[in-house]
Structure formats: C-alpha cells, structure tokens
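In case you want the letters, here they are:
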Amino acid sequence: MRETPDELHRLQALLHSSLSRSTAHLRSIISDERTLTAEQLTRVLTGMCTLALSTVTAKGEPRISGVDGHFLHGKWHFGTARGSAKARHLAARPAVSAAHLRGEDLGVFTHGTVEILNPHGGEPAADWPDLLAYFRDFYGDDAFDWDNDVVYYRLHPHWTAAFAPDLDKLGEKPDAA
C-alpha cells in the first residue's frame with residue numbers, strides 16, 4: 001500500500017459520494033455489505049491489474065481495450081504505445097471509463113479524465129520520476145524506450161465504485177465500524 005492517510009481519506013470520500021449519487025438499482029447491488037473501504041481497496045489492488053479501458057473515437061464511437069493498470073496513491077495509472085489509437089483518442093478526448101474485474105469476486109468501476117504523465121517533448125508530472133522508477137522496477141529497466149515508446153496516464157476519477165460480494169474470498173474482513 002503506497003497511499004498516504006490524505007490519499008486514503010480522499011479515496012474514501014470518492015467511494016462514498018459515488019455510491020450516494022448512484023441509482024437505487026446500483027445501490028441495491030453494491031450495498032454497504034458488498035463494497036470495500038478505501039483501505040481495503042488499496043490492499044486488494046496491488047501489482048498489475050488488467051483494466052478494460054473505454055475511450056471515444058473522433059466519430060463519438062466507444063472503443064474498449066485492455067491495459068496494465070496500476071493502482072497507486074488511490075488512482076489508476078496505465079500506459080500505451082505513443083502511436084496507438086488509444087493514445088490519439090486520449091489526446092483529443094481525455095474522458096475514460098475503466099473496469100477491473102476478478103470473476104464474480106471483485107469489480108472496480110471508474111469514470112474520469114486522464115492526465116499525461118510523460119508528454120513527449122513536454123514537462124513531465126512532478127511525480128513522474130518516482131512513478132517511472134516503479135514501472136521500471138515492475139517491467140524491467142530495458143522493457144521499453146521509456147522516453148519515446150510509451151506514454152503513461154493517471155486517471156483522475158470523478159466516480160468510483162467497488163463491488164465485492166464476499167470479502168473473505170479477497171482475504172479481507174469487513175472493517176469494524
């Protein structure tokens with residue numbers, strides 16, 4: 001878990017406000033007994049988590065693809081090839097939806113906008129050196145030409161929900177109230 005107490009607090013507030021703004025139907029599925037706290041979520045989402053990422057084409061058509069998602073500091077981070085269609089979509093229309101599913105045991109759903117962490121020829125995000133060290137450690141120092149081949153993003157969520165019908169299956173016990 002890499003999250004600070006402030007990041008956990010913001011994530012918990014987002015989880016709460018997202019469900020409170022959801023439909024009655026969704027709240028009947030993702031009830032208090034079937035969701036995770038921010039702390040539980042950060043313990044469960046470690047390492048690489050495959051995300052189904054939805055972007056939008058110039059014609060307004062949805063496109064979904066898989067990306068390696070890393071949940072760091074309470075937000076999803078992911079990369080793609082600089083020349084990919086996904087990178088073109090995100091440059092023009094940074095709104096995305098992402099889902100991470102583990103069978104029927106876990107579903108994490110997020111809507112938001114992305115920030116480019118390492119723009120080609122531009123100023124990287126302030127925390128890019130730390131994130132790059134994490135990615136190099138995870139994938140290997142020579143996995144990519146990190147300056148030219150890949151572009152990384154941080155998803156800034158405006159809505160996130162986590163569904164976990166059986167916390168014991170995830171190795172999590174409900175937090176004491």
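Scroll up for the structure.
For every chain, the first residue of the written sequence is number 1, and numbering continues from 1 along that sequence. Only residues with pLDDT of at least 70 get local features here, since the model is predicted, and only at 80 or more are side-chain atom pairs given and counted; chain-wide, interface and lining totals rely on the full set of residues. By convention in this description, side-chain values take in all heavy atoms of the structure and omit both hydrogens and water.

Caption draft 1: Spatial organisation of the overall build of the chain. Regarding its fold elements, the chain presents five helices and six strands. Going along the chain from the N terminus, every DSSP run of H or I of four or more residues is numbered as a helix, and every run of E of two or more is numbered as a strand. Seen in sequence order, the chain has helices and strands lined up from the N terminus as α-α-α-β-β-β-α-β-β-α-β. This radius of gyration counts C-alpha atoms alone. The globule rule is 2.2 Å times how many residues there are, raised to the power 0.38. In terms of overall size, the chain behaves like a compact globule, its C-alpha atoms giving a radius of gyration of 17 Å where 177 residues would be expected to give roughly 16 Å. Considering only C-alpha atoms, the chain reaches an extent of 50 × 40 × 30 Å along its principal axes.

Caption draft 2: Local environment of the packing of aromatic side chains. Stacked, tilted and edge-to-face are the three classes assigned to paired rings of Phe, Tyr and Trp, where Trp is represented by its six-membered ring and a pair needs centres within 6.5 Å; plane angles under 30 degrees give stacked, over 60 edge-to-face, the rest tilted. Counted by the stated rule, this structure contains 11 aromatic pairs. Centre to centre, the rings of Tyr-134 and Phe-135 are 5.4 Å apart; their planes meet at 75°, and the pair counts as edge-to-face. Between Tyr-134 and Phe-138, the aromatic rings sit 6.3 Å apart at their centres with planes inclined by 20°, giving stacked as the arrangement. With a gap of four residues between them, Tyr-134 and Phe-138 both fall in helix α5 (residues 128-139), about one helical turn apart. Ring-pair connections join several aromatic residues into one group, and the members of that group are Trp-128, Tyr-134, Phe-135, Phe-138, Tyr-139, Phe-144, Trp-146 and Tyr-152.

Caption draft 3: Examining the sheet that holds strand β2 (residues 62-72) more closely. If you walk around this closed barrel you meet the six strands as β1-β2-β3-β6-β5-β4, and the pairing is antiparallel. When the angles between neighbouring strand axes are averaged without regard to direction, this sheet yields 40°. By definition, two strands form a pair when at least two bridges between them are found by DSSP. Sheet analysis places strand β1 (residues 48-56) next to β2, joined by nine bridges and oriented antiparallel. Across the sheet, the residue bridging to Thr-55 is Arg-63, located in β2. In this analysis, two residues are considered to be in contact whenever any of their non-hydrogen atoms come within 4.5 Å of each other. For helices, the axis comes from a line fit to the C-alpha atoms of the stretch in contact; other axes are also lines fit to C-alpha atoms, and the angle between any two N-to-C directions lies between 0 and 180 degrees. Lying on the sheet, helix α4 (residues 85-92) is in contact with β1, β2, β3 (75-81), β4 (95-102), β5 (106-116) and β6 (150-163); it crosses β1 at an angle near 60°.

Caption draft 4: Examining the environment of Leu-170 more closely. Secondary-structure assignment places Leu-170 in the segment after β6. Separated by 64 residues in sequence, Leu-170 and Leu-106 place their C-alpha atoms 8.0 Å apart. Among residues more than four places away in sequence, those in contact with Leu-170 are Leu-36, Val-44, Asp-105, Leu-106 and Ala-164.

Caption draft 5: Examining helix α1 (residues 5-20) more closely. Over its 16 residues, α1 runs 22 Å from end to end, which matches the ideal 22 Å to within 8%, given 1.5 Å per residue. Burial here depends on accessible area, computed with a 1.4 Å probe over protein chains only, as a share of the maximum for the residue type. Under 20% is buried, over 50% is exposed, and the range in between is partly exposed. When α1 is considered as a whole, its buried residues turn out to be Glu-7, Leu-8, Leu-11, Leu-14, Leu-15, Ser-18 and Leu-19. Buried residues along α1 cover an arc of 125° about the axis, so they all sit on one side. Residues of α1 that are exposed and point more than 90 degrees away from the buried face comprise Pro-5, His-9 and His-16. Expected helix span is given by 1.5 Å per residue-to-residue step, counting one fewer step than there are residues. This arc describes the spread of directions from the helix axis toward the C-beta atoms.

Caption draft 6: Structural view of the nonpolar core. Leu-36, Leu-41, Leu-45, Trp-76 and Leu-106 are the most contacted members of the largest nonpolar core, which totals 29 residues. Among the elements that line this core, the one with the most residues is β6, at four residues. Excluding residues within four positions of it along the chain, Trp-76 makes contact with Leu-45, Cys-49, Leu-51, Gly-69, His-70, Phe-71, His-100, Val-108, Thr-110, Tyr-153, Arg-154 and Leu-155. In this description, a nonpolar core means a group of buried Ala, Val, Leu, Ile, Met, Phe, Trp, Tyr and Cys residues linked to one another through side-chain atoms lying within 4.5 Å. One finds Leu-131, Leu-132, Tyr-134 and Val-150 within the second-largest nonpolar core, a separate group that totals 11 residues.

Caption draft 7: Expanded view of α4. When we look at burial in α4, the residues that qualify are Lys-86, Ala-87, His-89 and Leu-90. The buried residues of α4 all sit within an arc of 160° when viewed along its axis, so they share a single face. In α4, those exposed residues whose orientation departs by more than 90 degrees from the buried face are Arg-88, Ala-91 and Ala-92. The inward-facing, buried residues of α4 contact β1, β2, β3, β4, β5 and β6.

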